[in-house]
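Observations on the three-dimensional arrangement
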Amino acid sequence: MNNTVTSPDEVAPHKTNTLVLTINEACAALRISKWTLYQLMNAKQLDYIRIRRRRLIPRTALQEFVNRLSAEDVT
């Protein structure tokens, strides 16, 4: 099994200077549906921030989430 982790920078290289991703960008980075992403956020498995009514995913939160999944996969 290949445990190579793709960083969000590799998914959206033209937006590497952004600190946060939109819901659609985070879905694309993780290659999951919006429904799955919202489930992860509601279950507090994926951190997000709220700016007014918008929910945004910090790039670091995506990387931490993927690292946790990779660590669980090893055990």
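Here the structure is shown first, and the text comes after it.
Here the structure is a predicted model, which is why all the values come from computation and not from measurement.

When helices and strands are counted, the chain shows four helices and three strands. N-terminal to C-terminal, the α/β element order of the chain is α-β-α-α-β-β-α. Per-residue burial for the chain yields a buried fraction of 28% across its 75 residues. For the chain, the proportion of contacts with a sequence separation of at least 24, taken over those separated by at least 6, is 48%. Working note: accessible area of the chain is about 5,400 Å², and carbon and sulfur atoms make up 52% of it.

Take helix α3 (residues 34–42) next. Owing to its 3.6 residues per turn, the α-helix aligns residues three or four sequence positions apart on the same side. All of the buried residues along α3 are Leu37, Leu40 and Met41. Along the axis of α3, the buried residues cluster in a sector spanning 100 degrees; they form a single face. For α3, the exposed residues set more than 90 degrees away from the buried face come down to Trp35 and Asn42. On its buried side, α3 packs onto α2 (23–30), β3 (54–58) and α4 (59–74). Phi for Lys44, located one or two positions after α3, is positive at around 60 degrees.

The next subject is the nonpolar core. Ranked by internal contacts, the top residues of the largest apolar core, which has 14 residues, are Ile23, Ala26, Leu30, Leu37, Leu46, Ile57 and Leu62. Sorting the residues of this core by element identifies α2, α3 and α4 as the ones contributing at least two each. The element that contributes the greatest number of residues to this core is α2, accounting for five residues. Dropping the residues within four chain positions of it, Ile23 is found in contact with Lys34, Leu37, Tyr38, Met41, Arg55 and Ile57.

Backbone-to-backbone hydrogen bonds join strands into a sheet, with any given pair of strands oriented parallel or antiparallel. Spatially, the three strands line up as an open sheet ordered β1-β3-β2, and their pairing is antiparallel. Every interior strand has two partners, whereas the edge strands, β1 (20–21) and β2 (49–51), have only one. Looking at chain direction, β2 and β3 are connected through three bridges and run antiparallel. Bridging from a neighbouring strand, Ile51 pairs with Arg54 of β3. On top of the sheet, α4 reaches β1 and β3; it is set at about 60 degrees to β3, its chief contact.

The rules behind each value
One numbering rule holds for all chains: residues counted from 1, following each sequence as written. Residues qualify for local features only when their pLDDT is at least 70, as the model is predicted, and side-chain atom pairs are given and counted only at 80 or more; totals for whole chains, interfaces and linings, by contrast, use all residues. Side-chain figures throughout are based on the complete set of non-hydrogen atoms in the structure, without hydrogens or water. Working definition: helices are DSSP H or I runs of at least four residues, strands are E runs of at least two. Numbering for both runs from the N terminus. Each residue is placed in one exposure class: buried if its accessible area under a 1.4 Å probe, protein chains only, is under 20% of its type's maximum, exposed if it is over 50%, and partly exposed if it falls in between. We call two residues contacting when some pair of their heavy atoms lies within 4.5 Å. Computed with a 1.4 Å probe, the accessible areas rest on the Shrake-Rupley method; for each residue, only the protein chains presented here act as cover. Here the arc refers to the set of directions running from the helix axis out to each C-beta atom. Grouping buried Ala, Val, Leu, Ile, Met, Phe, Trp, Tyr and Cys residues that are joined through side-chain atoms within 4.5 Å yields what is termed a nonpolar core. Paired strands are those between which DSSP finds at least two bridges. To get an axis, fit a line to the C-alpha atoms, keeping to the stretch in contact for a helix; angles then go from 0 to 180 degrees between the N-to-C directions.

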